[in-house]
Amino acid sequence: MAEVKGKFIIECVYGDLFQFSLYANNGQLLYESREYASKSSCASGIETFKKNLLDEKTKTRIDKDKNGNYKFIIKNGNSIYVGESYKSEQSAINSAESTKRFAQISDIVENK
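Residues numbered from 1 in each chain as written. Predicted model: local features only at pLDDT ≥ 70, side-chain atom pairs only at ≥ 80, totals over all residues. Heavy atoms only, no water.

Visitor: Go over the pairing of strand β5 (residues 70-76) with me, naming the residues and quoting the values.
Guide: Most of β5 is tucked away: five of the seven residues are buried. Two elements, strand β4 (residues 59-64) and β5, share six bridges in a ladder whose sense is antiparallel. Considered in β5, the bridge of Thr60 is made with Ile74. Taking the residues that link successive antiparallel strands as the turn, the β4-β5 hairpin has five residues, and the phi of Gly68 there is positive, at about 85°. Hairpin connection, β5 to strand β6 (residues 79-82): the antiparallel pair is bridged by two residues, and Gly77 has positive phi, about 60°. (Buried < 20%, exposed > 50% of the residue type's maximum accessible area, 1.4 Å probe, protein only. Helix = DSSP H or I, 4+ residues; strand = E, 2+ residues; numbered from the N terminus. Pairing = 2+ DSSP bridges.)

Next comes the structure, spelled out in structure tokens:
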């Protein structure tokens, strides 16, 4: 049976800035990065993201925002990753776990 993979997509946004997004195999957006000045720094950001998610010092928490929705926050040192908004706390927890899992097995695709 084939491994279930998601994908990282690197896109040019806002003119000459680059951003990566991580999608699950079903197309659900799991994480969207900040902007990077170059495609190579964006690709490097993916590697840092993956490394930080594996680090045993990384902490994950779920916070409720001002609209009553839940987001995961993954922190490792000065690196902070904030997920999408979800109606339920359990959905945010599931998304954090999916993000950690898919980050390690997903391919990188450039969106032209």
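Visitor: Provide a residue-level description of the sheet that holds strand β7 (residues 107-110), including the pertinent values.
Guide: Through backbone hydrogen bonds, the strands of a sheet pair up, either in parallel or in antiparallel fashion. What the four strands build is an open sheet, ordered β3-β2-β1-β7; its pairing is mixed. Looking at which strands have only one partner, the edges of the open sheet turn out to be β3 (29-32) and β7. The mean angle between the axes of side-by-side strands here comes to 25°, regardless of whether they run parallel or antiparallel. Of the strand pairs in this sheet, strand β1 (residues 7-13) and strand β2 (residues 17-23) are connected by seven bridges, and their pairing is antiparallel. Each residue of the ladder has a partner; that of Glu11, found in β2, is Gln19. Lying on the sheet, helix α1 (residues 39-54) is in contact with β1, β2, β3 and β7; it crosses β2 at an angle near 35°. (Axes fitted to C-alpha atoms, helices over the stretch in contact; angles between N-to-C directions. Contact = heavy atoms within 4.5 Å.)

Visitor: Just give me the short version of the sheet that holds β6, but keep the residues and values in it.
Guide: If you walk across this open sheet you meet the three strands as β4-β5-β6, and the pairing is antiparallel. The outermost strands of the open sheet, each flanked by one partner alone, are β4 and β6. The average undirected angle you get between the axes of adjacent strands in this sheet is 25°. Of the strands in this sheet, β5 and β6 touch α1, which is tilted by about 90° from β6.

Interpretation note: all reported values are geometric properties and have no functional meaning in isolation.
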